[in-house]
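Fold and geometry: a report
For reference, the chains in residue letters:
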Amino acid sequence: MFFTPLLFLQEMGVEGRLRLVMESALTARDRVGVQDFVLLENYTSEAAFIENLRRRFKESLIYTYIGSVLVSVNPYKELEIYSKQHMERYRGVSFYEISPHIYALSDNTYRSMRTERKDQCILISGESGAGKTEASKKILLYYAVTCPAHDRMAALGDRLLQSNPVLEAFGNAKTLRNDNSSRFGKYMDVQFDFRGAPVGSHILNYLLEKSRVVHQNHGERNFHIFYQLLDGGEEDLLKRLDLERNPQNYQYLVKGNCPRVSSINDKNDWKAVMKALPIIGFTEEEVQELLNIIASVLHLGNTQFGEGEDGETHITTETQIRNLTRLLGVDGSALREALTHKKLIAKGEEMISPLNFEQAGSARDALAKAVYGRTFTWLVEKINQSLALKVYNSSKGSSVIGLLDIYGFEVLQHNSFEQFCINYCNEKLQQLFIELTLRSEQEEYETEGIAWETVQYFDNKIICDLIEEKHKGIISILDEECLRPGEACDISFLEKMEDTLGGHPHFITHKLANGKTRRIMSREEFRLLHYAGEVNYNVSGFLDKNNDSLYRNLKEVMCQSSNQIVRQCFRKEEVIDQKRPEMAATQFKNSLMKLMEILISKEPSYVRCIKPNDAKQPGRFDEVLVRHQVKYLGLMENLRVRRAGFAYRRRFEAFLQRYKPLCPETWPNWHGRLADGVSTLVNHLGYKPEEYKLGRSKIFIRFPKTLFTTEDALEAKNCVGYNTCWYVSYIVIVIQSAWRGMKARRRAKRRRQAAELIRRFIKGFIYRHEEYCPENEYFLDHVRYSFLKKLRKNLPKSVLDKSWPTPPPSLIEASEHLRWLHMQNMMRKYCRRIQPEWRKQMEQKVVASEIFKDQKDSYPQSVGKLFLGTRLENEQINLKVIQTLGNDKVQYGVPVTKYDRRGFKARPRQLLLTSSFAVLVDRTKIKQRIDYPALRGISLSSLRDGIFVLHLPNEGQQQKGDVVLHCDHVIEAVTKFAMMSGRTNHVNISLGSIRFALARGKEGIVDFIRGSELKVAKGKRGHLLVVSQG
Ligand SMILES: Nc1ncnc2c1ncn2[C@@H]1O[C@H](COP(=O)(O)OP(=O)(O)OP(=O)(O)O)[C@@H](O)[C@H]1O
Ligand SMILES: [Mg+2]
């Protein structure tokens, strides 16, 4: 039987069909261009590079690799490639098995961090609007979704994602090049614990473009937050802040003449920010204070000055000052004074001098910039506190992935101080890139045992030195010029540079240039020959921007603010400290140095973003613009370094796995050493020695052509084996589906049974109080069964254990029966185990209980004490007495005290019991014999005393009367006496006095009272008085 693929698809059903289509889309290489530039045949050709980019871009394939560098072209449209399913596809999959993607890079970085235990960083660069921030957000989202969540830090991912809208509201703005342009550089560390769960994060921010607060180019806007507040803020809030909805009413928002942007919804963004702030940990109060500051900046912008007749400057807009005073909580007159006067310290003395009209405007703008800039830094710190690692011990064995989203090389029509800093930053990053890439390449060659071939590359150290070198570099010259007493200005700075740097191969000015260049350069410009190309910088504004100074008295006013955020931004120490703070460029240089230190300690990955057109349009690929970026991003240089020597390298096992069908010796499996397998394979394929090298674990292929030929051969082979392949696949699928079907049917049957059982159970529960019937039989049986099972486990273990599980209502009677049976059983077992000695003891104790229980106070104490066999051993009984008794053996003897019938004198006696009579013995003599049948009874009191009276017959002349005795073991003695004499029913416990017979029909009385100690004595009226204890 032979199946065509079509028939086969029809046979498979929907689920199977979907699976196949999906997997082929996944595993097939992109057929458009090359997905890794290192495979470009003509890798030195910029045109070939751009053509590859263009071809892929047209097919919406926006990602391409240069080795491990990811090049990303902004599609300017939503692509269906960022879903959760896509994330799953890229998890744990090797870089090369699947189309290039930002998720592949994210996953690879994450896995390197986990397996190599080395900190990682992802450097994202590109020009404004190229998609850096979007890329960084996608990376973060990937980690938030795919990484395991720490139980106590589940909210971290949330806070991490929520920090984005806040940072963007305060740090992003609409520019001509990007509607959501980040106006600051951002480095974010995400910390993962030993299980790979994100546990903390930290953000470093760089060089916020503060000048935007007071001025925007035409078509651009201020930072988003201002427009969001005006558009989205509730009426009450605006009223409190004394703001109006129309942005055109604010001087700081009108410069660009662009209050609305179609791609931005300020109202929604405002809601997102207000929702995010509490999640990040802002208190209600902090949010209010933050908004007060934002409103204050707007009021500051509307603060206007007038010029008096004598040229003095005064404030003409009192409302603004009142608002500022209220919102910032500062002193109104001090603020008024500080905005129109400057305070300087010269030779240790304070000097106050009035500001002219322009100076006052500049001071106001400087204040606005400082307030906004510092608030932004505060905001980042606040976010950091919220994202900080808080779980104790999580830092153990933790690793970090850093994300750098920083401005790419910037070349505008008019380049100023900001571009100078940005481009300097890119020089440093390029330097780092070259160093790290070359280092890792060299290390790989070394570990693989392949000779290193020197790579020609441009070392940009010379440019970095030109900018940052101490004393001689541009930044040093700029600082010096700012600090120099006298008339320093931007032009004098330019001249100073010409003096110091003239002749440097990477520095030119109008004066130093040759005729041709001179013609296109203005006199205020200097040109730097960056690694990526030439850039002309206009020196105008350099000194001011580098100074970034704020008059002392303005700082003083801010220090006094009652707004906590402002207070934290303007510290008192700053005013007290006479030392001048570092200049802006030096600050930037130092923070860059620190950043470099951070990055160099990590394993880097790169995302290079490219913007395809200036119109933000999907599908448009402007070649000139792209070429410009390829150049400025140094991509050709990247490629050259990466292609040093070999175009392609792969681990032996991966190479063998893929291409083993091409060689009969390696197909279907190679059982020898991997290196030998690869060697056999490439020999069979006819690779020439100069085309490849075998390292220790990898094969290195020099030319892409070689690889492509092999790949084509594989494809051809696959086509030949196509039908067989499908057939085998079909058989496999039939077996799989039969097996899965069987398993599923079994599972379904079990489920059905379970459902039926649950249903019966529920019905039974509802009918549980009814008679036993079909509806409740299962439930009741189950209840009974459960009770019996429970009972079996919890049966009482001893006769004294009175516990018993509570039975269900239907089993109460049966439970009682069982309880009785169990008790009987236990008792029987118990009795069977009893020894004769113990039995006797028990019998006596039972009799004692019958006689005395609840009758005599001293009984309870006697229960725990064993009855002894006798209290008088044979040696203690006089021999004569024993001889007199003859065959009547003493069964029990106990010392007693006998009280005379008259006078109640106490006399020590021994009471001896034989099997048929008792005797009272006085040392050697038997004083009285009491035959058991003659005993009429025994009387005792109910109290705690040892008195007992033996009632004897009183008829007859010889009878002396009853006997009054005292014994320390009265319960024991009387019990034994009663048992031996068979008079257990004649023991009388008297609640009051005991009457006893005297000779000749007379009667004596024993009275009992309670007292502190036992006493027996003659009492009133000739009675015997017994004081019982207790
Ligand atoms: N992968 C993408 N898919 C869809 N649209 C994208 C993508 N990347 C970027 N964009 C679009 O391009 C715009 C600009 O991107 P983004 O803000 O990331 O640029 P940027 O490089 O950070 O610029 P800047 O330096 O000005 O901050 C985004 O607002 C978005 O509309
Ligand atoms: Mg950005």
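Residues numbered from 1 in each chain as written. Chains lettered and ligands numbered in written order. Predicted model: local features only at pLDDT ≥ 70, side-chain atom pairs only at ≥ 80, totals over all residues. Heavy atoms only, no water.

1. Side note on the confidence of the model for the chain
Averaged over every residue, the pLDDT of the chain is 88; residues scoring 70 or more account for 94%. Considering each helix and strand of the chain separately, the mean pLDDT is smallest for helix α1 (residues 5-27), with a value of 33, and largest for helix α7 (residues 224-232), with 97. For residues 1-29, every residue scores under 50 in pLDDT, and the model assigns this stretch 26 contacts once sequence neighbours within four places are set aside. (pLDDT = per-residue confidence, 0-100. Helix = DSSP H or I, 4+ residues; strand = E, 2+ residues; numbered from the N terminus. Contact = heavy atoms within 4.5 Å.)

2. Considering the sheet that holds strand β16 (residues 603-610)
On the basis of which strands lie adjacent, the open sheet formed by 7 strands has the order β1-β2-β16-β3-β12-β6-β7 and mixed pairing. Of all the strands in the sheet, the pair left with one neighbour each is β1 (63-66) and β7 (198-206). Strand-to-strand twist in this sheet, taken as the mean axis angle between neighbours without regard to direction, amounts to 20°. Here strand β2 (residues 69-73) runs beside β16; their pairing, made up of 5 bridges, is parallel. Its bridge partner being in β16, serine 72 is matched across the sheet by cysteine 609. (Pairing = 2+ DSSP bridges. Axes fitted to C-alpha atoms, helices over the stretch in contact; angles between N-to-C directions.)

3. Quick notes on the domain arrangement of the chain
By the assigned domains, the chain splits into domain 1 (430-539), domain 2 (650-722), domain 3 (776-833) and domain 4 (857-1029). Taking only C-alpha atoms into account, the centre of domain 1 sits 96 Å from that of domain 3. (Domains from an automatic or database assignment.)

4. Considering the pattern of salt bridges
Between side chains of opposite charge, a pair can form as their charged atoms come close. Per the counting criterion, the structure on display carries 52 salt bridges. One connected set of salt bridges, linked through shared partners, spans Glu134, Lys137, Lys138 and Glu168. (Salt bridge = Lys/Arg side-chain N within 4 Å of Asp/Glu carboxyl O.)

5. Details of the coordination of the magnesium ion (ligand 2)
In this structure, Thr133 (OG1) and Ser182 (OG) serve as the protein donors to the magnesium ion (ligand 2), at separations of 1.9 to 2.0 Å. With threonine 133 in helix α5 (residues 132-146) and serine 182 in strand β5 (residues 181-182), this residue pair connects regions lying 49 residues apart in the sequence. Classification of threonine 133 as buried rests on a relative accessible area of 13%. Assessed through its relative accessible area of 18%, serine 182 is described here as buried. (Donors = N, O, S within 2.8 Å, 3.2 Å for Na, K, Ca; no water. Buried < 20%, exposed > 50% of the residue type's maximum accessible area, 1.4 Å probe, protein only.)

6. Digging into the side chain of threonine 710
Looking at where threonine 710 falls in the secondary structure, it is placed in helix α29 (residues 704-720). Setting aside its immediate chain neighbours within four residues, threonine 710 contacts Tyr659, Leu662, Leu685 and Tyr687.

7. Some thoughts on the state of the cysteines
One pass over the full model with this rule turns up 0 disulfides. Note on cysteine 425: no disulfide assigned, nearest cysteine sulfur contributed by cysteine 421 at a separation of 9.3 Å. By relative accessible area, which is 0% here, cysteine 425 ends up buried. This cysteine, cysteine 569, is not joined by any disulfide, and cysteine 559 carries the nearest cysteine sulfur, 11 Å off. Taking relative accessible area as the criterion, cysteine 569 reaches 12% and is therefore assigned buried. (Disulfide = S-S within 2.5 Å.)

8. Things to note about the packing of aromatic side chains
The relative placement of two aromatic rings is captured by the distance of their centres and the angle of their planes. Summed over all chains, the structure comprises 34 aromatic pairs. Taking the centre distance of 3.8 Å and the plane angle of 5° together, the rings of phenylalanine 37 and phenylalanine 49 count as stacked. Of this pair, phenylalanine 37 sits in the loop between α1 and α2 (46-58) while phenylalanine 49 sits in helix α2; the two residues are 12 residues apart in sequence, bridging distant segments of the chain. Judged by centre distance (6.0 Å) and plane angle (65°), the rings of tyrosine 932 and phenylalanine 977 are edge-to-face. Of this pair, tyrosine 932 sits in the loop between β23 (925-931) and β24 (937-941) while phenylalanine 977 sits in helix α36 (residues 970-981), and the two are 45 residues apart along the sequence. Pair check on accessibility: tyrosine 932 and phenylalanine 977 agree, each one buried. Counting every residue linked through ring pairs, the aromatic cluster contains Tyr82, Tyr90, Tyr103, Tyr110, Tyr142, Tyr143 and Phe192. (Phe/Tyr/Trp six-rings, centres within 6.5 Å; stacked < 30°, edge-to-face > 60°.)

9. A look at the sheet that holds strand β30 (residues 1015-1018)
On the basis of which strands lie adjacent, the open sheet formed by 4 strands has the order β28-β29-β31-β30 and mixed pairing. Because the sheet does not close on itself, it has two edges, and the strands there are β28 (994-997) and β30. Neighbour-to-neighbour, the strand axes of the sheet open up by a mean angle of 25°, direction not taken into account. Examined bridge by bridge, β30 and strand β31 (residues 1024-1029) share 4 bridges and lie antiparallel to one another. Its bridge partner being in β31, alanine 1017 is matched across the sheet by leucine 1025.

10. Structural notes on the pairing of β2
Counting buried residues along β2, 5 of its 5 residues qualify, which places the element largely inside the surrounding structure. The side-chain alternation of β2 yields two buried faces, one formed by Val69, Val71 and Val73 and the other by Leu70 and Ser72. The sheet contact formed by β1 and β2 spans 4 bridges and is antiparallel. For tyrosine 63, the partnering residue across the bridge sits in β2 and is serine 72. Taken together, β1 and the strand that follows it, β2, pair antiparallel across an intervening segment of 2 residues, in which glycine 67 is found at a positive phi of about 65°.

11. Considering the site of ligand 1
The full set close to ligand 1 counts 18 residues, and Ser128, Lys132, Thr133, Ser181 and Ser182 are the nearest of them. Measuring from an oxygen atom of ligand 1, one finds a side-chain N or O atom of asparagine 178 at 2.9 Å. Relative to its free-state accessible area of 630 Å², ligand 1 is covered by the protein chains to the extent of 87%. Its residues assigned to classes, the shell around ligand 1 comprises 4 nonpolar, 9 polar and 5 charged. (Near = heavy atom within 4 Å. Polar contact = N/O pair within 3.5 Å; in protein donor to acceptor, adjacent residues only side chain to side chain. Areas by Shrake-Rupley, 256 points an atom, 1.4 Å probe, with all protein chains shown as cover. Nonpolar A, V, L, I, M, F, W, Y, C, P; charged D, E, K, R; others polar.)

12. What about unusual backbone geometry?
Most peptide bonds take the trans configuration, and most residues that are not glycine carry a negative phi. Residue tryptophan 667 is joined to proline 668 through a cis peptide bond whose omega torsion reads -5°. Tracing the chain through its elements places proline 668 in the loop between α27 (652-659) and α28 (674-685). Backbone geometry places aspartate 548, a non-glycine residue, at a positive phi of 45°. Structurally, aspartate 548 is set in the loop between α20 (542-547) and α21 (552-559). Its identity as a non-glycine residue notwithstanding, lysine 616 has a phi of 60°, on the positive side. Along the chain, lysine 616 falls in the loop between β16 and α25 (623-632).

13. Some points on a negative patch on the surface
Among the surface-exposed residues, Glu307, Glu309, Asp310, Glu312 and Glu358 lie close enough to one another that they form a single negatively charged patch. Topologically, aspartate 310 is positioned in the loop between β8 (305-307) and β9 (313-315). For aspartate 310, a relative accessible area of 73% translates into the label exposed. (Patch = residues over 30% accessible without salt bridge, like charges linked within 9 Å, V, L, I, M, F, W, Y side chains within 5 Å. Lys, Arg positive; Asp, Glu negative; His and termini not counted. Charge placed at Lys NZ, Arg CZ, Asp CG, Glu CD.)

14. A look at the UniProt feature "binding site: ATP" (unreviewed entry) in the chain
Using the residue numbers shown here, the UniProt feature "binding site: ATP" (unreviewed entry) corresponds to Gly126, Glu127, Ser128, Gly129, Ala130, Gly131, Lys132 and Thr133. Mapped onto the elements, glutamate 127 comes out in the loop between β3 (120-126) and α5. Residue classification places glutamate 127 among the buried positions, given a relative accessible area of 16%. Those residues within four positions of glutamate 127 in sequence are excluded, and the remaining contacts are Lys132, Gly408, Phe409, Cys609, Lys611, His628 and Gln629. For serine 128, the side chain forms a polar contact with the side chain of serine 181, separated by 3.3 Å. (UniProt positions renumbered as here; feature names shortened; annotations may be inferred.)

15. Comments concerning helix α16 (residues 461-468)
Burial in α16 covers these residues: Ile463, Cys464, Leu466, Ile467 and Glu468. Tucked inside the fold, the buried residues of α16 contact α15 (417-448), α17 (474-483), α18 (490-501), β13 (507-509), β14 (525-529) and α24 (584-600).

16. Comments concerning the pairing of strand β10 (residues 341-346)
Across 6 bridges, the pairing between β10 and strand β11 (residues 349-354) is antiparallel. Bridging across to β11, isoleucine 345 finds its partner in glutamate 350. Between β10 and β11, which follow one another and run antiparallel, lie 2 residues, and lysine 347 among them has a positive phi close to 50°.

17. Considering a positive patch on the surface
Residues Arg740, Lys743, Arg746, Arg747, Arg750 and Arg751 make up a contiguous surface patch of positive charge. With respect to the helices, strands and loops of the structure, arginine 747 is situated in helix α30 (residues 722-766).

18. Here's the deal with the packing of helix α13 (residues 332-340) against α21
At a closest axis distance of 8 Å, the pairing of α13 and α21 adopts a crossing angle of 160°. One finds that α13 runs roughly antiparallel with respect to α21. Here the hand of the crossing between α13 and α21 comes out left-handed. Residues Ala334, Leu335, Ala338 and Leu339 of α13 form the contact with α21, whose participating residues are Asn553, Leu554, Val557 and Met558. (Parallel < 35°, antiparallel > 145°, perpendicular 65-115°, else oblique. Left-handed = near helix turned anticlockwise from the far one by under 90°.)

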